[in-house]
Amino acid sequence: MEDFNQTLPDMFYLLGLSTGPHLQVIGSLMFVVMYTITLTGNCLILITVRISRKLHTPMYFSLSNLSFIDICFSSTIVPVILRNTLSTDKSISIEGCMVQLLCYLGIGGAECLLLAIMAYDRFVAICRPLHYVNIMNSRFCITLAIIPWILSFLNSSIQVHITWRLPFCKTHHINYFFCEVPPLLRLSCRDTWLNEISMYIAAGTIALGAFSLTLISYIYIIATIIKMHSSRSRYAVFSTCSSHLTVVTLYYGTIIFIYLQPRSNHSVEKDKFISVLYTVVTPLRKTSLY
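Small disclaimer: the values here were computed from a predicted structure and weren't measured. (Residues numbered from 1 in each chain as written. Predicted model: local features only at pLDDT ≥ 70, side-chain atom pairs only at ≥ 80, totals over all residues. Heavy atoms only, no water.)

Enquirer: Which parts of the structure should I look at to understand the overall build of the chain?
Expert: A count of helices and strands for the chain gives 10 helices and three strands. Along the chain, helices (α) and strands (β) appear in the sequence α-β-α-α-β-α-α-α-β-α-α-α-α when read from the amino end. A buried classification covers 46% of the 290 residues belonging to the chain. The long-range fraction of contacts in the chain, counting pairs at least 24 apart against all pairs at least 6 apart in sequence, stands at 80%. For the chain, the exposed area adds up to about 14,700 Å²; of that, 69% sits on carbon and sulfur atoms. (Helix = DSSP H or I, 4+ residues; strand = E, 2+ residues; numbered from the N terminus. Buried < 20%, exposed > 50% of the residue type's maximum accessible area, 1.4 Å probe, protein only. Contact = heavy atoms within 4.5 Å. Areas by Shrake-Rupley, 256 points an atom, 1.4 Å probe, with all protein chains shown as cover.)

What follows is the structure in structure tokens.
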């Protein structure tokens, strides 16, 4: 433990998205607008579902959970981006970096699993409509809401622990706009292959696992839609799934790209752009779709 403490810096320094002052101002304004819309839209969804008894259904219960996750997810990342961009102080404490990484991985993983649960809810509603009420009962819905948080924060705790066991002796400047695993691994002077394997296993289990479950659900849903005789019924059913499909494509696609590509293919600027998509743009996009 003594050696570990000696290799851990007091502060990290986030280099951010861009060093150009004009681009920083424009970027900050865009992030403020998107963050405001994300918070407002998701809060409205939560309030609407809460006050309308007609919306007290499993589908809207999951949507409320997704809105709450989006609020937490954006609030973990965007305030740090704005502070880093607008202030001359680019530092982040070691504790702050650890907490941000813990929350970011935990909330992001919970969202992955929740999207798969929402796909299962649509599968039951469309393919097993007569059994929907019995299957998606209150106790089962609450269980499905709790499981993603437990699993994702368990994984998050493991990833944070093994990441902070590394000696960060190359530099204390993180070429990123928040504390993220791949940029932190680049700061270590020790071979990080065990950390990378752990990251691939975690991402493969959570992201690819959730994506596979979602894909299976939609295979059955599409097969059921094709069997419908009325084109109006097919359109009505498909329209209820289109927003979820768009969100799934955006979210799973960007996360798989970041965490499952080989280390040799990582480009810092490309990773920054993709990270902005799923940390800032995707929560905003979800609000407009739902």
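Enquirer: Teacher, can you tell me more about the packing of aromatic side chains here?
Expert: Geometrically, a pair of aromatic rings is defined through the distance of the ring centres and the angle of the planes. Enumeration over the complete set of coordinates arrives at 13 aromatic pairs. Between F73 and Y104, the ring centres sit 5.7 Å apart and the planes meet at 15°, which makes this aromatic pair stacked. One end of the pair, F73, is in helix α3 (residues 58-86); the other, Y104, is in helix α4 (residues 94-127), with 31 residues separating them in the sequence. Both residues of the pair, F73 and Y104, belong to the buried class. In this structure an aromatic cluster arises from ring pairing among F73, Y104, Y176, F177 and F178. (Phe/Tyr/Trp six-rings, centres within 6.5 Å; stacked < 30°, edge-to-face > 60°.)

Enquirer: Which parts of the structure should I look at to understand the state of the cysteines?
Expert: Taken as a whole, this structure holds two disulfides when the rule is applied. For C97, the disulfide goes to C179, at an S-S distance of 1.9 Å. Taking the torsion about the S-S bond as the criterion, the C97 to C179 disulfide, at about -120°, is left-handed. One end of the pair, C97, is in helix α4; the other, C179, is in the loop between β3 (173-174) and α7 (181-185), with 82 residues separating them in the sequence. Each member of the pair C97 and C179 is classed as buried. The residue that forms a disulfide with C169 is C189, at a sulfur-sulfur distance of 1.7 Å. Its torsion about the S-S bond being -105°, the disulfide of C169 and C189 is classed as left-handed. A residue pair is termed long-range when its members are at least 10 positions apart, and C169 in the loop between α6 (138-163) and β3 and C189 in the loop between α7 and α8 (193-227) qualify at 20 residues. Should the bonded cysteines of the chain be numbered as they appear in the sequence, the pairing reads 1-3, 2-4. Note on C72: no disulfide assigned, nearest cysteine sulfur contributed by C103 at a separation of 8.7 Å. (Disulfide = S-S within 2.5 Å.)

Enquirer: Is there a simple way to explain the sheet that holds strand β2 (residues 91-93) in this structure?
Expert: Each strand in a sheet pairs with another by means of backbone hydrogen bonds, the pair being arranged parallel or else antiparallel. Spatial strand order, β2-β1-β3: three strands in an open sheet with mixed pairing. Pairing within the sheet leaves two strands with one partner each, and these edge strands are β2 and β3. Pairing of strand β1 (residues 11-14) with β3 involves two bridges; the strand directions are parallel. By the bridge assignment, Y13 is partnered in β3 with H173. The strands that α4 touches are β1, β2 and β3; relative to β2, the one it contacts most, it runs at about 80°. (Pairing = 2+ DSSP bridges. Axes fitted to C-alpha atoms, helices over the stretch in contact; angles between N-to-C directions.)

Enquirer: Could you clarify how one ought to interpret α3 in this entry?
Expert: In an α-helix, one turn spans 3.6 residues, which is why side chains three or four residues apart end up on the same side. A rise of 1.5 Å per residue sets the reference length of α3, with its 29 residues, at 42 Å; its end C-alpha atoms lie 42 Å apart and thus fit the reference within 8%. S75 marks where α3 bends most, by close to 30°; the proline P79 follows one to four residues later. (Expected span 1.5 Å × (residues − 1). Bend = angle between axes of the 7 residues up to and from the residue.)

Enquirer: Which parts of the structure should I look at to understand the pairing of β1?
Expert: Residues in a regular strand point their side chains to alternate faces of the sheet. Only one face of β1 is buried: it carries F12 and L14, and the other face, with M11 and Y13, is open. The pairing of β1 with β2 spans three bridges and is classified as antiparallel. Within the sheet, the bridge partner assigned to F12 lies in β2 and is I92.

Enquirer: Just checking my understanding: could you explain the packing of α4 against α6 for this structure?
Expert: Helix packing geometry: the angle between the two helix axes and the distance between the axes. Close contact between α4 and α6 brings their axes to 8 Å; oriented N to C, the two are set at 145°. The hand of the α4/α6 crossing is right-handed. Tallied by class, residues from the contact of α4 with α6 come to 18 nonpolar, six polar and no charged. (Left-handed = near helix turned anticlockwise from the far one by under 90°. Nonpolar A, V, L, I, M, F, W, Y, C, P; charged D, E, K, R; others polar.)

Enquirer: Help me out: how do you make sense of α8 in this one?
Expert: Its 35 residues give α8 an end-to-end C-alpha distance of 49 Å, which sits within 8% of 51 Å, the value for a rise of 1.5 Å per residue. Along α8, the sharpest change in direction is near 30° and occurs at G204.

Enquirer: Would you explain the nonpolar core in this entry?
Expert: Nonpolar side chains in soluble globular proteins generally cluster together in the buried interior. F12, Y104, I174, Y259 and Y278 are the most contacted members of the largest nonpolar core, which totals 74 residues. The element that contributes the greatest number of residues to this core is α4, accounting for 19 residues. (Core = buried A, V, L, I, M, F, W, Y, C linked by side-chain atoms within 4.5 Å.)

Enquirer: So what exactly am I meant to see when it comes to the side chain of S217 here?
Expert: Along the chain, the position of S217 falls in helix α8. What makes S217 buried here is its relative accessible area of 7%. A polar contact is formed between the side chain of S217 and the backbone oxygen of L213, at a distance of 3.0 Å. The contacts of S217, once residues within four sequence positions are left out, are A119, Y120 and F123. (Polar contact = N/O pair within 3.5 Å; in protein donor to acceptor, adjacent residues only side chain to side chain.)

These figures come from the coordinates and say nothing about function on their own.
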